[in-house]
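Structural overview
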Amino acid sequence: MRIGLIGTGRIGSFHAGVLARHPGVGSLVVTDADPVRADAVAAALGAEAAPDVTALLGRDLDAVVIASATAAHAELIGRAARAGLPAFCEKPIALDVPGTLAALAAVAEAGTELQLGFMRRFDAGYRAAREAVRAGRLGRLHTVRTVTSDPEPPPAAYLPLSGGLFRDCMVHDIDVVRWVTGREVVEVYARGADAGPAMFREAGDVDTAAALFTLDDGTLVTATATRCNGAGYDVRMELAGDRDQLVVGLDDRAPLTSLEPHAPAPPSKPWPGFLERFAPAYEAELDAFVRLVRGEVPNPCDGGEALAALRVAEACERSRREHRPVTVVAEG
């Protein structure tokens with residue numbers, strides 16, 4: 001199989017390494033807005049470098065992986081679809097619903113596949129949580145709590161392009177809540193705080209947020225996210241039912257220190273970031289994409305899933321700005 005990779009930044013370079021090692025990928029072609037960076041990645045991996053996207057799409061590919069800047073995702077999805085190529089794309093498809101719908105329309109018209117990069121669906125802990133909920137182990141699920149805490153803020157230049165904390169960060173919690181529980185979010189109430197670095201206020205964003213989701217069966221979900229968690233990278237999900245309670249992400253690298261007198265010692269090596277915490281999940285999602293292109297498995301996370309998560313994230317942003325509960329609309 002011959003795969004083209006667009007974007008060789010941090011996540012793109014990681015994906016390139018995974019694809020170059022994959023036994024089902026015979027050759028890899030990479031490109032980037034910075035040709036020097038693309039050349040360096042290609043040289044390190046024994047891959048080919050294309051000078052631009054047009055050249056890459058002309059290299060007789062079987063599929064495309066899109067890991068470019070967010071603003072380019074929708075256009076590149078459309079170009080891949082018109083070239084008849086299945087595509088894997090890092091989230092989001094676009095930063096708004098109209099842009100997302102336009103990209104999905106291009107995929108539908110071409111009849112191609114689009115898999116979105118919500119890697120938590122491929123994490124062993126989250127998969128076990130989904131199986132436990134499906135098996136009824138918790139009984140009636142009544143409460144879910146999610147945490148996403150980055151150890152340090154992103155570069156200031158990234159913030160105006162990110163879509164904000166809800167669309168860029170908490171959207172992972174939104175997606176995995178839907179996936180694990182099998183339910184839809186019908187209402188949100190969200191708040192945000194911008195008391196941290198000034199760059200958040202300057203970008204009209206917040207560095208910390210909390211949201212309450214009501215699911216369509218009445219289950220309540222609390223979700224928190226922050227860009228300023230100095231202890232380390234912390235991603236967890238707690239699920240509580242009337243029979244049992246389970247947690248994802250609580251291991252010896254979770255950046256938590258208990259103050260109880262006989263508690264274990266603090267982690268000696270807390271998770272430093274998302275690539276380290278979710279490396280196996282990133283590899284698994286790309287393996288699933290290769291198998292999808294081969295026709296061996298159904299699409300594990302199509303564009304419709306990304307659209308549903310974006311609608312909830314947009315409702316959160318509206319709730320934050322308007323200081324009120326917001327109903328999540330399924331269309332429009």
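Structure shown above.
Residues numbered from 1 in each chain as written. Predicted model: local features only at pLDDT ≥ 70, side-chain atom pairs only at ≥ 80, totals over all residues. Heavy atoms only, no water.

**Brief notes about a nonpolar patch on the surface**
Side chains of Tyr189, Leu212 and Leu220 sit close together on the surface and give an oily, nonpolar patch of about 230 Å² of accessible area. Mapped onto the elements, Tyr189 comes out in strand E8 (residues 185-193). (Patch = residues over 30% accessible without salt bridge, like charges linked within 9 Å, V, L, I, M, F, W, Y side chains within 5 Å. Areas by Shrake-Rupley, 256 points an atom, 1.4 Å probe, with all protein chains shown as cover. Salt bridge = Lys/Arg side-chain N within 4 Å of Asp/Glu carboxyl O. Helix = DSSP H or I, 4+ residues; strand = E, 2+ residues; numbered from the N terminus.)

**Quick word on the sheet that holds E8**
Within the open sheet, the seven strands sit side by side as E12-E11-E7-E10-E9-E8-E13. Their pairing is mixed. The open sheet terminates on both sides in strands that have one partner only, identified here as strand E12 (245-248) and strand E13 (326-327). Where strand E7 (residues 141-149) lies against strand E10 (residues 220-226), seven bridges are found, and the strand directions are parallel. Bridging from a neighbouring strand, Val147 pairs with Thr224 of E10. Against the sheet, helix H6 (residues 124-135) makes contact with strand E11 (234-241) and E12, and its axis sits at roughly 10 degrees relative to E11, the strand it touches most. (Pairing = 2+ DSSP bridges. Contact = heavy atoms within 4.5 Å. Axes fitted to C-alpha atoms, helices over the stretch in contact; angles between N-to-C directions.)

**Looking at helix H8 (residues 165-181)**
Compared with an ideal rise of 1.5 Å per residue, which puts 17 residues at 24 Å, H8 spans 23 Å between its outermost C-alpha atoms and is within 8% of the ideal. Taken across its 17 residues, H8 has 17 buried, putting it largely inside the fold. (Expected span 1.5 Å × (residues − 1). Buried < 20%, exposed > 50% of the residue type's maximum accessible area, 1.4 Å probe, protein only.)

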